[in-house]
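# Survey of secondary and tertiary structure
The chain contents come next:
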Amino acid sequence: MKPFAYQRAKDVESAVTTVAARPEASFLGGGTNLVDLMKMEVLKPELLVDVRHLVSRTIEPAHGGGLLIGAGMSNNELAADRRIRRRYPMLSQALLSGASYQLRNLATVGGNFLQRTRCPYFRDVTMPCNKREPGTGCAARDGVQRDLAVLGADASCVATHPSDMAVAMAALDAVLHTVGPSGERTIPVNELYRSPAEGPQRDTVLERGELITAVELPAAPVAAHSRYRKVRDRASYAFALVSVAAALEVRHGSVTQVRLALGGVAHKPWRATTAERALVGRPATEAGFRAAAEAELAAARPLAGNAFKVPLARNTIVSMLRDLTEGA
Amino acid sequence: MTSPNETNEPSRRAVLKAGVAGLGATMVPFGAFEALGAEPAQAAGPVTAPPAAASRGGIGAALKRVEGPLKVRGAATYAFEWPVEKPAYLYPLLSTIASGRVTSVDTRAALAEPGVLGVLTHLNAPRLAWADEPEVALLQSDRVAYHGQIVGAVIADGIETARYAAGLVKLEYAAEPVDVDLRTDRDDLRKPQHAQGFGQLPGDLMNGAPADTSAGDFAAGLASAVHRVDATYTTPVQHHNPMEPHAAVATWTDDEITLYCGSQGVSTPQELLTRAFGLEAGRLRLISPYVGGAFGSKDFSALWGTLALMGARLVPGRPVKLSFTRQQMFTLVGHRPAAIQRVRLGADARGRLVAISHDAVQETAKAKQYAEQTVQASRSMYAAPNRRTSTRIALLDVPIPTIMRGPGEATGMFALESAMDELAEKMGLDPIELRLLNEPQTHPETGQPFSSRHLKQCFEEGARRFGWKNRARKPRTRRKDGWLIGTGVAAATYPSPRLPGSTAFARVDRDGRYTVRIAAADIGTGTWTTLAQIAAEALGVPQNRVTLQIGDSSYPRASSGGFSSGMNSWGTTVYEAARALHAAVDEHGGKVPPEGIEVTVGMPDDPRLRQYEFGSYGAQFAEVRVHEDTGEIRVPRLLGVFDVGRVINPVTARSQLLGGMTWGLSMTLHEETALDHRYGHFVNNDFGGYHIAANADVGSIEVHFLDVRDPHINPMGSKGAGEIGIIGTAAAIANGAYNATGVRVRDLPLTLDKFL
Amino acid sequence: MEQKITLRVDGKERTLTVDTRTTLLDALRERLGVTSAKKGCDHGQCGACTVMLDGRRVTSCLVLAVAGDGAEVVTAAGLADGDDLHPVQKSFVAEDAFQCGYCTPGQIVSAVAMLREAKEGWPSVVSDDLDADRVVLDRAEIAERMSGNLCRCAAYVNIVTAIEKVTRP
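Treat the numbers as computed from the prediction; the structure is a model and nothing was measured.

## Quick word on the pairing of strand β5 (residues 67-70) of chain A
Here is the key point about a regular strand: its side chains alternate between the two faces of the sheet. Residue and element names in this part refer to chain A. Relative to β5, strand β4 (residues 59-61) runs antiparallel, the two sharing 3 bridges. Across the sheet, the residue bridging to Ile-59 is Ile-69, located in β5. Adjacent in sequence and paired antiparallel, β4 and β5 are bridged by 5 residues, among which Gly-64 carries a positive phi angle near 85 degrees. Looking at chain direction, β5 and strand β8 (residues 211-217) are connected through 4 bridges and run antiparallel.

Spelled out as structure tokens, the structure:
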């Protein structure tokens, strides 16, 4: 690790001001990803501003019947919360699918959104990588491709976003509350992540010094009937090859409401809006589910080493929707 | 001297369920071990096994691990944890090209970093007296032979500073083209030579076996066959990944050079390093009482010892601590080489094999040839008049491969036992029946008798316990909740070699207490407990009167633990020492004089070792589930029945076999080190990318052993148990996956994409 | 850059000056001589370094020591009362739930914390009823909840049994 200074901020405002003013400064939350990457010198901040104790660790009711989740909550605390388990089971399951209990006790909700890609070429500072060092090229595209993106990628970067939680949050239309140098704002999760075509070096639209303070989950009765399914190379403690967050409401044999998002396939949690549009108002049949999944995945541009993700994503979507229909 | 269990009748067969409960084990009291871990600073004196107090012990007793109470508190001292005064920390710097030369070195920025004590590169590293063994020597020239080779190191006051400053060393390279492609159509494949004993001995393959063999006329035999299988199987590079990284702590003073060094044996690395540094014999002392796993990766290679000693030379007066990072372990401590294997089987109308061939092409390093006995099992498993085996290697710009749990057979039996399943499937024969039909009476190539081979009983016992008769004969016929269900079976075999070169010391004091000393190692296999059990039986005394001392090179020389040779080599030697001690006591008229009596003896030769084939056997059963939609594969149940001779300790033996079977599961479902063919580097070089089985991957695993004494192998009657558990597991699972899905996967690992 | 911190480790208050880069794991092992927590991967990918930090199990290799200033740390050494082992430790010995022993202290801290989590009703991803009031720790639940601790000797079957026996004395 490059030497750095460490300070515990007194309040959110001073933390934001400090980080905004120094290009080599960074917030420190749970540290599970930041410290990991600092050890390999993928990230080399010169100042860490510890904000974990500043950011709320509670859940409060939000207007409109939703919930406002403090960004400082640990992943496990959020997963175990009764309101989440009952009203948004897919979110609980997504959290519980991620990492390990030890890591989830450290990792914060805010930090989870900002995990960097697990692309092995990004994590190896001796390799070319446009995300780590803009303009050096992408070593992954013609390298080991198993974990790479099949949707939304660009010639400059084919990395995937590793979060499980964010996939459920995307399906639930969660909204981030932030405090930045220019004040407070809200950002829908589905607008948080930048396309690699806009320059893969910046993952999100957050500005320097902008801190996630809370996440708002809108009321979504359909989410009470939802699941998260993570398909991976090991039964536990592994990143997703493909994951699916799905919520479904079926009435009189037809889909009335659906939420669908994919993980492990793109630079961001992939909200499957094409599939959702293809499902709503149509019969809840296996053929319909398959057609919707295929419509979503028509845009997929797989590489030789990750082509399996396309049928895998299709089958997992179909299987999830079938299970949710049968369990309805 | 004969325990109640001992008998010369090999036919006595008691199938012990290797459970822990009900075997009359005596718990070791927890209070007795303070001197070991709690005050490790004193342990530069003799390291002694905690006594198995209140226990009669002896062979066959289900004793708990004597060091258990230390380990559960984290108080057993591993290499990096030995307390030393004012240590300096060394961090290695690895090459970022796979082939070429270092053309320039700039250490100024690193040396300017506060706290940096020195930088080692090939320009200033000590010249070694023996520099041509690449698994021991380093920094002797500007050559780079693989990506991730040690090209320097930084030594600093702090662990963080050393690592950071290593990144400040600027190296320039002249890179040469990278060649890491393992293919069978390469025109430069060659027959391995002189790979025996890590290249120290003249035999073709690691274990001394010839690269190629043949008997009869394979082509004619195959032509005469009614049923044929011709299939090619591939296995990838795999990594040992013991939980404890390779670490060493070196102190170099005028009096003594001490190296605390995680190792599978203390004598071999002590000798290698003594030779490399040109030291007088005995000046270097290597201490390694506890090792956090090894699996072959801490056997011959001594790079971490070399580097720590070089560091200690560079900063005189400071002990130097070195631990490889998990990422560095992927290139510095060996790997299981990738292999491509073609198996051809021909059978007559009834299923008797008339022809067997097994041809392996294996990857190895340009830096050093390593060639393993991948095809060896096909020489002994099944009877057939016409047969051939061959081994070829491709020399590539890759790190040096080495032995890894079940070296040779772990991959070779995946191929052979998958092919046998394919033949059984083609013929509509039960796969167990096919195997039993071809069980040889003597070794099919040499004609030598098997000292003991109870494979048939393993299959019969296993089939009964597993419920084999209930299996669906037709593939893809059982499903539940979206999962296709199948069952598979495979045979297992691994030789039980005795390695030469062990010596043991035994002493009796006037008060009737015994001390046994041998430079053996415990890498988690249970040596602290089991060797003491052997000593107690050999001495004919209760175990609580025996003090065992191992893990220190100042003790009488011993071979390293590997190839399931540990107990056979060390136990036999300890037995001999006990005999000699008894003889010495007899010479004193049966009385022990005040100064005690002590003997030091070498391992005896035994002509029977050349007259019989020695090996462990097993039958592996697997239940496999493959998800119809996602291809996810799970192994909810494994069952193994093993013939490992007489069981020295059912608790530790069961754990060894459980561990081996879980390794088999892990290599089948998960393990593959991905090689980037452009840069020649291992891409997934951490636990996030290189998956080993996690707890949730493992379901029910049942271990059973036939407790049958081998009549000739050694005084204990015991055969090897370290490797046999991993052998055949992969084939049993792949065969089960075929039975579940109808999809035959011939390429490990069995990842979900192969079933989509 | 250095800072002074205070940790309460296995019941003892320890004050030390650390480089800001020092992890909690290295502070324990290299500075305080508390080697019970092990370094297996240094990246949160194996669980050998698991300790309880203010009552919750964490991978201490990813915690900066300066960020842990003021915290209460419990290692496997602190779970035992001298020679009197914690019930989970006793069960690990009785079931031979380890071989080389290197991952073992982390497994044990993890198991002790896991039993607490289960008591608090925390679910897992394999829980059939995500909203159940009471967690029933069957083998699948134990295995999932212990999957953050890798064991290369592969004592998993015995680890699960050792924990199972503690839950059902």
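## Remarks on the packing of aromatic side chains
In this structure the tally under the stated criterion is 15 aromatic pairs over all chains. Where Trp-82 of chain B meets Tyr-260 of chain B, the ring centres are 4.5 Å apart and the plane angle is 10 degrees; that geometry is what we call stacked. Residue Trp-82 of chain B is found in the loop between α2 (68-73) and β2 (88-94), and its partner Tyr-260 of chain B is found in strand β11 (residues 257-261); the two are separated by 178 residues along the sequence. A ring pair is formed by Trp-304 of chain B and Phe-324 of chain B, whose centres lie 6.3 Å apart and whose planes are at 75 degrees; its orientation type is edge-to-face. Of the two residues, Trp-304 of chain B is situated in helix α8 (residues 303-314) and Phe-324 of chain B in the loop between β13 (320-323) and α9 (329-332); the sequence distance between them amounts to 20 residues. Here the aromatic cluster, defined as three or more aromatic residues joined through ring pairs, consists of Tyr-78, Tyr-290 and Trp-528 of chain B together with Tyr-102 of chain C. The residue whose ring lies beneath Lys-268 of chain A is Trp-270 of chain A, and the NZ or CZ to ring-centre distance is 5.4 Å. Note that Lys-321 of chain B overlies the ring of Phe-80 of chain B, its terminal NZ or CZ placed 4.3 Å from the centroid.

## A look at the packing of helix α3 (residues 87-94) of chain C against helix α6 (residues 156-167) of chain C
All names here are of chain C. In contact at an axis separation of 9 Å, α3 and α6 are set at 135 degrees when each is read in the N-to-C sense. When the interaxial angle is binned, α3 and α6 end up oblique. Note that α3 runs across α6; the crossing there is right-handed. Across from Pro-87, Val-88, Ser-91 and Phe-92 in α3, the residues of α6 making contact are Ile-159, Ala-162, Ile-163, Lys-165 and Val-166. Residue composition of the contact of α3 with α6, grouped by class: 7 nonpolar, 1 polar and 1 charged.

## Some remarks on the domain arrangement of chain B
Residue and element names in this part refer to chain B. Examined at the domain level, chain B breaks down into domain 1 (25-75 + 500-606), domain 2 (77-430) and domain 3 (450-496 + 614-756). The centre of domain 1, based on its C-alpha atoms, is set 33 Å off from the matching centre of domain 3. Summed over both sides, the interface of domain 1 with domain 3 buries roughly 1,600 Å², with 56% coming from carbon and sulfur. Put simply, domain 1 and domain 3 have 1 salt bridge between them. Across the pair Glu-537 and Arg-646 runs a salt bridge whose closest N-O atoms are separated by 3.1 Å. Across the contact surface, domain 1 and domain 3 share 10 residue pairs in polar contact (both at pLDDT 80 or more).

## Considerations on the interface of chain B and chain C
Taken together, the 64 residues of chain B in the interface contact 51 residues of chain C. Carbon and sulfur atoms supply 56% of the area that chain B and chain C bury against each other, a total of about 4,500 Å² over both sides. Of all residues in chain B, the largest losses of buried area upon contact with chain C belong to Val-72, Met-243 and Asn-695 of chain B, amounting jointly to 18% of the total for that side. For the pair chain B and chain C, the interface holds 6 salt bridges. We note a salt bridge from Lys-38 of chain C to Glu-81 of chain B, for which the minimum N-O separation is 2.9 Å.

## A closer look at the side chain of Thr-673 of chain B
All names here are of chain B. Here Thr-673 shows up in the loop between α16 (650-669) and β25 (675-676). Residue classification places Thr-673 among the buried positions, given a relative accessible area of 5%. Side chain to side chain, Thr-673 and His-239 meet in a polar contact 2.8 Å long. Residues contacting Thr-673, with those up to four places away along its chain left out, are Val-237, Gln-238, His-239, Phe-330, Phe-682, Asn-684 and Tyr-690.

## Some points on the interface of chain A and chain B
Listed by partner, the interface residues are 35 residues for chain A and 30 residues for chain B. Here chain A and chain B share an interface that buries about 2,500 Å² over both sides, 57% of which is from carbon and sulfur atoms. If you sort the residues of chain A by the area they bury against chain B, Asp-233, Arg-234 and Ala-235 of chain A come out on top, with a joint share of 21%. Note that Asp-629 of chain B is salt-bridged to Arg-322 of chain A, the shortest N-O span being 3.3 Å. Where chain A touches chain B, the interface holds 11 residue pairs in polar contact (both at pLDDT 80 or more). Looking at the side of chain A that touches chain B, the elements that each hand over two or more residues are β9 (226-232) and α11 (309-326) of chain A. Residue classes in the side of chain A that touches chain B are distributed as 16 nonpolar, 6 polar and 13 charged.

## Focus on the environment of Asp-36 of chain A
Mapped onto the elements of the fold, Asp-36 of chain A is located in helix α2 (residues 34-39). Linking Asp-36 of chain A and Met-1 of chain A, residues 35 residues apart in sequence, is a C-alpha distance of 9.8 Å. The contact partners of Asp-36 of chain A, leaving out residues within four places of it in the chain, are Gly-31, Arg-118 and Arg-123 of chain A together with His-43 and Leu-62 of chain C. At a separation of 2.9 Å, a polar atom in the side chain of Asp-36 of chain A contacts the side chain of Arg-123 of chain A.

## Let's talk about the sheet that holds strand β14 (residues 339-347) of chain B
Backbone-to-backbone hydrogen bonds pair the strands of a sheet. The strands run either parallel or antiparallel. Residue and element names in this part refer to chain B. Within the open sheet, the 5 strands sit side by side as β8-β16-β15-β14-β9. Their pairing is mixed. Edge positions in the sheet fall to β8 (213-215) and β9 (227-235), since each of these pairs with one other strand and no more. The average angle at which neighbouring strand axes cross in this sheet is 10 degrees, direction not considered. Note: β8 against strand β16 (residues 386-396), 3 bridges, orientation antiparallel. Residue pairing for β16: Thr-213 is matched across the bridge by Thr-389. Against the sheet, helix α11 (residues 409-427) touches β9, β14 and β15 (353-365), its axis set at about 145 degrees to β9.

## Regarding the domain arrangement of chain A
By the assigned domains, chain A splits into domain 1 (5-50) and domain 2 (222-326). If you average the C-alpha positions of domain 1 of chain A and of domain 2 of chain A, the two centres end up 36 Å apart.

Calculation notes
Residues numbered from 1 in each chain as written. Chains lettered and ligands numbered in written order. Predicted model: local features only at pLDDT ≥ 70, side-chain atom pairs only at ≥ 80, totals over all residues. Heavy atoms only, no water. Pairing = 2+ DSSP bridges. Helix = DSSP H or I, 4+ residues; strand = E, 2+ residues; numbered from the N terminus. Phe/Tyr/Trp six-rings, centres within 6.5 Å; stacked < 30°, edge-to-face > 60°. Lys NZ or Arg CZ within 6 Å of the ring centre and 35° of its normal. Axes fitted to C-alpha atoms, helices over the stretch in contact; angles between N-to-C directions. Parallel < 35°, antiparallel > 145°, perpendicular 65-115°, else oblique. Left-handed = near helix turned anticlockwise from the far one by under 90°. Contact = heavy atoms within 4.5 Å. Nonpolar A, V, L, I, M, F, W, Y, C, P; charged D, E, K, R; others polar. Domains from an automatic or database assignment. Buried area = accessible area lost by both parts, 1.4 Å probe. Salt bridge = Lys/Arg side-chain N within 4 Å of Asp/Glu carboxyl O. Polar contact = N/O pair within 3.5 Å; in protein donor to acceptor, adjacent residues only side chain to side chain. Buried < 20%, exposed > 50% of the residue type's maximum accessible area, 1.4 Å probe, protein only.

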